[in-house]
Amino acid sequence: MLRFAQALDTQLRTAMERAFPAAAAEAIAAGRPLDPKLAPASKPEFGDFQANGALALAKPLKQAPRQIAAALLAELEADAAFGALCLPPQIAGPGFLNLTLRPEVLAAEVQGRLGDPRLGVPLAAASGSGAAPVIVDFSSPNIAKEMHVGHLRSTIIGDALARVLEFRGQPVLRLNHVGDWGTQFGMLITHLKQVAPAALDTADAVDLGDLVAFYRQAKQRFDADEDFQHTARQEVVRLQAGDPVSLKAWGLLCDQSRREFEQLYERLDIRLNERGESFYNPYLEAVVADLEAAGLLVVDAGAKCVFLEGMQGKDGNPLPLIVQKSDGGFNYATTDLAAIRYRFAAPPAGDGARWVIYVTDAGQANHFAGVFQVARRAGWIPAGARLEHVPFGLVQGDDGKKLKTRSGDTVRLKDLLDEAVERCEADLRRRLAEEERQEDEEFVQQVATTVGLAAVKYADLSTNRITNYQFSFDRMLALQGNTAPYLLYAVVRIAGIARKGGDLGGGDRAGGAEAAGAEPQAAFPEALQFSEPQEWALVRELLKLDTVIAEVEQELLPNRLCSYLFELSQVFNRFYDQVPVLKAEPAARASRLALCRLTADTLKLGLGLLGIATLERM
RNA sequence: GGGGCUGUAGCUCAGCCGGAUAGAGCGACGGUUUCCUAAACCGUAGGUCGUGGGUUCGAGUCCCGCCAGCCCCGCCA
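What you see is a predicted model, and the numbers here were worked out from it, not measured in a lab.

Taken as a whole, chain A is organised into domain 1 (2-101), domain 2 (276-392) and domain 3 (479-609). Measuring from the centre of the C-alpha atoms in domain 1 to the corresponding centre in domain 2 gives 48 Å.

Right under this line is the structure:
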């Protein structure tokens, strides 16, 4: 639909210039050319697009909006290119111009997508391996802690955004900025020296669960005991200065956590390059030196700070960003600054990125605003580069508060995934028993795992990321409504048609786009023919894919893709319910099979971009 | 005190560049199965878009005030 929208926009602009040359010239001179305000039709009965520009022109032109719309309409009807694309437009309401694409144009577009592994989605302008990379910084758990539900959103949203950008052909660098440096390590190492020294020089001397417990104890001591606090801070300074004993202990702790993280990433099918805070340690001094040279640094109460413009702390004092603590240690702001500096720096001294995206919780909005401001003032952000924080809200329990276990602990990510899969398995077994279906154990496990993980991911991705979202197994695993099982079921229904003899053209393309070398065309007629309203509704929904992907990329909102896939599934289920495919007359059957094929491909592609796998049967 | 986010149906949430009568899903109520997986489909009821102003031909959407909730604000990340 993007192509059509662009063509129509151009045609409408031309029509406006022809109909109202004086006003158009004046508008161009003023730097604000007349805008036809082309938008998708707000309701299906209005056609495919609507142009709202006539209403805005009424006042300057001192004419009735419908009269203006009529003048535009006359110009459009004189335009052969427009006539080839659209049926005669309608003037409606106060002065809307409703545009409907010609059926044969829509059918040809569907035809084209059947042979297109990208399903009509173009590559981005800045695509290809030569282009400067886009960095997506996401997940970022802390070493010596387990991943919990708080990491879920960053991990899943970041992965989905990375997948969309990659599909558009952008070179993406997925970075896991793990918390492997800083005060927490001072605390932990200091505590371990006293209670479990073996953990500091022998691999796997204690298991991760114990480590987490030690971490908790260390944190308690740090908060309560001033002497401990002091010792821990000294330990951090030693580590950051490269003390070999500290470094070895640190390395062992990291390895242990890393193995745990990797299991979860594998389970969630997430690819990520670890580049933790420690990576930037060698650049911290240079950050401070740069800031000093730029004249931004101020020493306040012994700490080196940059005072932020337009932000103030309590009591109305200017708000500082501390880059070097009074004890000489660096903190997370320094590390984040070093990361930005490195990421935008030209290779080989840096990543040479043109766009850096941080997927972290909304609570860090102030922090990033401050860090970004300092980075800009330091001159580290090249002209035209994008640097943005992609915030998301909290995961809450049914009570509207931060999600906790019954005993009040944070929910471990592993436990959460296990429970989702277990619930799916129980539900599936109950269903099999009810329907007296016989399936082997492998089938049950495969379906339960796929549906369970899909449900968790989809529930998270399907709400607008900025709002807090209420976590509920019951809702996400519900088989009806805007849930993963509903979408997966639509794919399964199409697979069922194929099993029962419907030729969907070539092998299964599901795995995605790569496998599409196989020539699918054979099964489908030269010109697709549709007659039923359910068919046209499906055609129109299918053709929206490119528009939706462009929107997700622009707004960085995966929920837009979820809404689309849900609507597509609804439209398909209506079609499936009301229009026979296999039992249709040969001509209609072939065209309907083509719709089924494109629907399956679209759903699989879209779900794939969300990091969700599909099934043939469930 | 300063800043950020949120407030839309009983519940959970969408709502794009300001456009026509504010949309889904769940739940409630009522229907549909000799037919491609009913994990589906169809229908009914349900709204002062927190609130008061403003801008506009037109405001859930933009601006200002207020109310409520959550989050952040000097050496944790």
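To continue, consider the side chain of Thr 483. Among the secondary structure elements, Thr 483 is positioned in the loop between helix H17 (473-476) and helix H18 (484-499). Setting aside chain neighbours within four positions, we find Thr 483 in contact with Tyr 458, Arg 475, Met 476 and Ala 478.

With that settled, consider the sheet that holds strand E6 (residues 172-176). Strands pair in a sheet through their backbones, by hydrogen bonds, and they do so in one of two ways: parallel or antiparallel. Across the sheet, which stays open at both edges, the five strands sit in the order E7-E6-E5-E11-E12 with parallel pairing between neighbours. In this open sheet, the two edge strands, each paired with only one partner strand, are strand E7 (273-274) and strand E12 (386-392). In terms of strand pairing, E6 meets E7 through two bridges, oriented parallel. Residue Asn 176 lies in a different strand from E7, and its bridge partner there is Glu 274. The sheet strands contacting helix H13 (residues 332-344) are strand E5 (134-137), E6, strand E11 (355-361) and E12, and the helix crosses E11 at an angle near 150°. Each of E11 and E12 touches helix H14 (residues 365-377); the most contacted strand, E12, lies at about 175° to it.

On to the environment of Pro 117. With respect to the helices and strands, Pro 117 occurs in the loop between helix H6 (103-114) and E5. Separated by 488 residues in sequence, Pro 117 and Leu 605 place their C-alpha atoms 9.6 Å apart.

The next subject is the packing of helix H21 (residues 558-578) against helix H22 (residues 586-609). Each packed pair of helices is defined by two parameters, the angle between the axes and the distance between the axes. Between H21 and H22, the least distance of the axes is 10 Å, while the angle of their chain directions is 155°. Put simply, H21 runs roughly antiparallel to H22. For H21 against H22, the interelement crossing comes out left-handed. Taking contact as the criterion, the partners of Leu 561, Tyr 564, Leu 565, Leu 568, Ser 569, Phe 572 and Phe 575 in H21 are, on H22, Arg 592, Leu 595, Cys 596, Thr 599, Thr 602, Leu 603, Gly 606, Leu 607 and Leu 609. Residue classes in the contact of H21 with H22 are distributed as 11 nonpolar, four polar and one charged.

In this structure, Pro 348 follows Pro 347 across a cis peptide bond, with omega equal to 5°. Unlike most non-glycine residues, Ala 301 shows phi in positive territory, near 50°. In this structure, Ala 301 sits in the loop between strand E8 (297-300) and strand E9 (303-312). The class for Ala 301 is exposed, based on a relative accessible area of 76%.

Below, the discussion takes up the confidence of the model for chain A. On average, residues of chain A carry a pLDDT of 90, and 97% of them reach 70 or more. Throughout residues 507-522 the model reports pLDDT below 50, and contacts reaching past four residues in sequence, or to other chains, amount to 21 contacts.

So, on to the pattern of salt bridges. A side chain with one charge can pair with a side chain of the opposite charge if their charged atoms come near. Enumeration according to the criterion identifies 43 salt bridges in this entry. The partner of Asp 35 in a salt bridge is Arg 13, and the shortest N-O contact between them spans 3.6 Å. One end of the pair, Asp 35, is in the loop between helix H2 (21-29) and strand E1 (38-40); the other, Arg 13, is in helix H1 (residues 2-19), and 22 residues separate them in sequence. Since its relative accessible area comes to 29%, Arg 13 is described here as partly exposed. Residue Arg 430 pairs with Glu 434 through a salt bridge whose shortest N-O separation is 3.1 Å.

Another aspect to go through is the packing of helix H10 (residues 226-240) against helix H11 (residues 244-267). It is at 8 Å that the axes of H10 and H11 come closest, and there the two elements cross at 95°. Relative to H11, the element H10 lies roughly perpendicular. Facing Glu 235, Arg 238 and Leu 239 of H10, the residues of H11 in contact are Ser 246, Leu 247 and Trp 250.

Another aspect to go through is the pairing of E11. Of all the seven residues making up E11, six are buried; the element is thus mostly covered by neighbouring parts of the structure. Strand direction decides the pairing type here: E5 and E11, joined by four bridges, are parallel. Note on E11: the bridge partner recorded for Ile 135 is Val 356. With seven bridges connecting them, E11 and E12 associate as parallel partners. Paired with Tyr 358 across the two strands is His 389, which belongs to E12. For the segment spanning E11, H14 and E12, crossover handedness is right-handed.

Contacts to RNA strand B come from 74 residues, most closely from Arg 233, Lys 325, Tyr 332, Tyr 489 and Tyr 576. For RNA strand B, a base nitrogen lies 2.3 Å from a polar atom in the backbone of Tyr 576. Here the surface near RNA strand B takes 10 residues from H21, the largest share from any one element. Classifying every residue of the surface near RNA strand B by side-chain character gives 27 nonpolar, 27 polar and 20 charged.

We describe a pair of aromatic rings using the distance from one ring centre to the other and the angle between the two ring planes. As enumerated under the stated definition, the model contains 15 aromatic pairs in all. Each ring, one from Tyr 358 and one from Phe 372, has its centre 5.7 Å from the other, and the planes form 45°; the classification is tilted. Highlighted residues: Tyr 358 in strand E11 and Phe 372 in helix H14, separated in sequence by 14 residues. Comparing Tyr 358 with Phe 372 shows no difference in burial state: the two are buried. Here the aromatic cluster, defined as three or more aromatic residues joined through ring pairs, consists of Phe 279, Tyr 280, Tyr 283 and Tyr 342. Looking at Arg 118, its charged tip hangs above the ring of Phe 167, at a distance of 4.3 Å from the centre. Taking NZ or CZ as reference, Arg 386 lies 3.8 Å from the ring centre of Trp 355, over its face.

The rules we used
- Residues numbered from 1 in each chain as written.
- Chains lettered and ligands numbered in written order.
- Predicted model: local features only at pLDDT ≥ 70, side-chain atom pairs only at ≥ 80, totals over all residues.
- Heavy atoms only, no water.
- Domains from an automatic or database assignment.
- Helix = DSSP H or I, 4+ residues; strand = E, 2+ residues; numbered from the N terminus.
- Contact = heavy atoms within 4.5 Å.
- Pairing = 2+ DSSP bridges.
- Axes fitted to C-alpha atoms, helices over the stretch in contact; angles between N-to-C directions.
- Parallel < 35°, antiparallel > 145°, perpendicular 65-115°, else oblique.
- Left-handed = near helix turned anticlockwise from the far one by under 90°.
- Nonpolar A, V, L, I, M, F, W, Y, C, P; charged D, E, K, R; others polar.
- Buried < 20%, exposed > 50% of the residue type's maximum accessible area, 1.4 Å probe, protein only.
- pLDDT = per-residue confidence, 0-100.
- Salt bridge = Lys/Arg side-chain N within 4 Å of Asp/Glu carboxyl O.
- Right-handed = clockwise from strand over helix to strand, strands pointing away.
- Near = heavy atom within 4 Å.
- Polar contact = N/O pair within 3.5 Å; in protein donor to acceptor, adjacent residues only side chain to side chain.
- Phe/Tyr/Trp six-rings, centres within 6.5 Å; stacked < 30°, edge-to-face > 60°.
- Lys NZ or Arg CZ within 6 Å of the ring centre and 35° of its normal.

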